[in-house]
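One-letter residues, chain by chain:
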Amino acid sequence: MRDLVQKPGLSILEFANLKVLKGLFQLDLLTPFSKFVRKYFSHPHLIQLLEFPVLFLGARPSEIPALYSLMNYADMQLGTWYPNGGMHQIILAMKKLAIELGVEIRTGEEIKRFEMHDHSIQTAFTQSRRYEYDEIVAACDYQHLEQNLLDKKYRKYSSQYWDKRTLAPSCLIFYVGLNKKIQGLLHHNLFFDTDFGIHAEEIYTSPKWPENPLFYVSAPGKTDSSCAPQGCENLFILIPVAPGLKENPEIQEHYFNMVIKRIEERTGEAIRQHIILRRDYAYSNFVSDYHSFKGNAYGLANTLNQTAILKPKMQSNKVKNLTYTGQLTVPGPGVPPSLISGKIAAGLIHKKNQSHA
Ligand SMILES: Cc1cc2nc3c(=O)[nH]c(=O)nc-3n(C[C@H](O)[C@H](O)[C@H](O)COP(=O)(O)OP(=O)(O)OC[C@H]3O[C@@H](n4cnc5c(N)ncnc54)[C@H](O)[C@@H]3O)c2cc1C
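Fair warning: this is a prediction, and the values are worked out from it, not measured in the lab.

### Observations regarding the domain arrangement of the protein
At step 1: Assigned domains within the protein: domain 1 (12-78), domain 2 (88-163 + 304-356) and domain 3 (170-290).
At step 2: For domain 1 and domain 2, the distance between their C-alpha centroids amounts to 29 Å.
At step 3: Listed as interface residues are six residues of domain 1 and, on the opposing side, four residues of domain 2.
At step 4: Connecting domain 1 to domain 2 are zero salt bridges.
At step 5: Across the contact surface, domain 1 and domain 2 share zero residue pairs in polar contact (both at pLDDT 80 or more).
At step 6: In the side of domain 1 that touches domain 2, the residues fall into six nonpolar, no polar and no charged.

Shown next as structure tokens:
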């Protein structure tokens with residue numbers, strides 16, 4: 001982790017030492033994930049189970065480096081951990097710490113444009129306010145800030161560059177509240193009752209709405225009684241889909257009916273007539289809520305040619321006081337990598353300030 005993941009990815013020289021190079025070979029960076037899994041497992045269910053997390057990384061298991069077996073390792077060896085109260089508790093804990101350290105946090109304001117001075121961002125404008133800056137850490141979608149908020153001469157990358165990036169999938173999500181408990185579900189449930197290979201093709205090879213997708217169901221009330229009122233259940237249902245597929249009400253309805261039917265069949269329990277709340281979240285929501293490039297849910301695909309120094313750079317030589325962070329730059333998508341990315345960004349700014357002092 002220290003030698004590979006916590007690097008700013010500014011130069012290949014960061015990886016030019018014997019320990020790192022040895023580590024790269026040990027991690028089977030050049031072996032395809034699918035081949036690596038089949039070296040140890042032959043049962044089709046075990047193979048599916050090990051390959052499923054890779055589906056979210058942005059390519060088929062045959063194109064993802066075996067390095068990402070670290071996800072399986074974390075799942076199985078380190079265990080799956082759940083913060084009581086849900087993921088939001090992590091945000092609240094970080095907020096508490098930041099406030100203790102003197103940070104002033106403003107939310108619910110969108111940066112609409114910048115005013116530049118001497119190749120630096122001097123002022124940022126929201127709908128109703130203006131902010132003066134010494135340094136900016138851009139944690140929003142990289143493509144959005146660069147292509148929509150900076151003038152052309154301040155952009156490091158062209159629109160063609162962005163169009164050529166391979167994105168990780170988007171997803172169709174259903175939040176469902178039920179007025180009863182469902183016995184046949186665990187906290188985490190993967191529905192492997194259809195063909196994994198066909199779904200992967202529909203995401204990556206010929207992107208289209210999947211015919212019979214695999215999906216994930218979370219029933220956090222199984223672990224955490226604060227998630228739903230007594231005697232009720234809340235479900236989070238996620239179908240990975242190709243990025244850029246615009247949903248519509250008919251499509252949402254089609255998949256909602258499909259997943260509810262499959263959950264009913266598997267658990268042997270009636271669900272439909274017990275639904276008391278439903279919220280859908282899809283491509284258009286990712287775009288409008290997050291300015292997410294092509295509605296992606298997990299940033300750039302983790303393919304070898306979009307790794308480390310080949311990711312969009314954290315700093316640009318065109319804007320002096322701007323550092324990018326988050327899932328579209330190093331080390332990559334996911335909550336832990338995005339947090340590490342913030343730490344790397346802080347380190348870069350600290351180093352810059354020290355060299356100017
Ligand atoms: C359904 C789903 C399931 C996931 N599951 C997992 C998982 O199990 N494990 C895992 O590790 N990762 C998971 N991820 C991925 C993970 O959530 C992301 O990689 C991570 O949150 C990205 O963090 P970020 O800080 O880069 O961006 P974000 O969390 O997207 O934060 C960027 C923020 O910038 C804001 N913003 C955008 N434009 C502007 C603007 N102009 N002005 C002001 N603010 C702006 C956005 O509103 C947003 O709040 C999942 C993602 C999704 C969608």
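Moving on from the coordinates now.
### Some thoughts on the site of the ligand
At step 1: Neighbouring the ligand are 22 residues; I111, H144, Q327, G334 and V335 lie closest to it.
At step 2: In this structure, a nitrogen atom belonging to the ligand sits 3.1 Å away from a side-chain N or O atom of H144.
At step 3: At a separation of 2.8 Å, an oxygen atom of the ligand approaches a polar backbone atom of V335.
At step 4: When isolated, the ligand has an accessible area of 1,000 Å², and the protein chains bury 61% of it.
At step 5: Going through the elements one at a time, β5 (170-178), α10 (283-290) and α11 (335-356) are the ones with two or more residues in the shell around the ligand.

### A closer look at unusual backbone geometry
At step 1: Residue P331 is bonded to the preceding V330 through a cis peptide linkage, with omega at -5°.
At step 2: If you trace the backbone, P331 turns up in the loop between β10 (322-324) and α11.
At step 3: A positive phi angle, near 55°, is found at H119, a position not held by glycine.
At step 4: By secondary structure assignment, the location of H119 is in the loop between β1 (113-117) and β2 (120-125).
At step 5: Residue class for H119 comes out partly exposed when judged on its relative accessible area of 40%.
At step 6: Although it is not a glycine, H291 sits at a positive phi angle of roughly 55°.

### Focus: the packing of helix α2 (residues 33-40) against helix α3 (residues 44-51)
At step 1: At their nearest, the axes of α2 and α3 sit 10 Å apart, and the two run at 140° to each other. On the basis of their axis angle, the class for α2 and α3 is oblique. For α2 against α3, the interelement crossing comes out right-handed. Residues F33, S34, V37 and R38 of α2 pack against I47, L50 and E51 of α3.
At step 2: Class assignment of the residues belonging to the contact of α2 with α3 gives a composition of four nonpolar, one polar and two charged.

### Remarks on a nonpolar patch on the surface
At step 1: Taken together, Y40, F41, L46, L49 and L190 make up a surface patch of nonpolar side chains, about 450 Å² in accessible area.
At step 2: Following the sequence through the fold, L49 ends up in helix α3.
At step 3: The class of L49 is partly exposed, set by a relative accessible area of 39%.

### So, α3
At step 1: Here α3 has its buried residues at I47, Q48, L50 and E51. Down the axis, α3 shows its buried residues gathered within 170° of arc, on one side only.
At step 2: Contact partners of the buried residues in α3: α2, α4 (69-78) and α8 (196-204).

### Focus on the nonpolar core
At step 1: If you look at the biggest cluster of nonpolar residues, it comprises 25 residues, and the most contacted ones within it are F174, F215, V217, L235, I237, I239 and I263.
At step 2: Counting only elements with at least two residues in this core, the list comes to β5, β7 (215-218), β8 (233-241) and α9 (249-267).
At step 3: Ranked by residues supplied to this core, first place goes to α9 with seven residues.
At step 4: Beyond its immediate chain neighbours, meaning those up to four positions away, I237 contacts L172, I173, F174, V176, F215, Y216, V217, V259, I260 and I263.

Each value, and the rule that gives it
- Residues numbered from 1 in each chain as written.
- Predicted model: local features only at pLDDT ≥ 70, side-chain atom pairs only at ≥ 80, totals over all residues.
- Heavy atoms only, no water.
- Domains from an automatic or database assignment.
- Contact = heavy atoms within 4.5 Å.
- Salt bridge = Lys/Arg side-chain N within 4 Å of Asp/Glu carboxyl O.
- Polar contact = N/O pair within 3.5 Å; in protein donor to acceptor, adjacent residues only side chain to side chain.
- Nonpolar A, V, L, I, M, F, W, Y, C, P; charged D, E, K, R; others polar.
- Near = heavy atom within 4 Å.
- Areas by Shrake-Rupley, 256 points an atom, 1.4 Å probe, with all protein chains shown as cover.
- Helix = DSSP H or I, 4+ residues; strand = E, 2+ residues; numbered from the N terminus.
- Buried < 20%, exposed > 50% of the residue type's maximum accessible area, 1.4 Å probe, protein only.
- Axes fitted to C-alpha atoms, helices over the stretch in contact; angles between N-to-C directions.
- Parallel < 35°, antiparallel > 145°, perpendicular 65-115°, else oblique.
- Left-handed = near helix turned anticlockwise from the far one by under 90°.
- Patch = residues over 30% accessible without salt bridge, like charges linked within 9 Å, V, L, I, M, F, W, Y side chains within 5 Å.
- Arc of directions from axis to C-beta.
- Core = buried A, V, L, I, M, F, W, Y, C linked by side-chain atoms within 4.5 Å.

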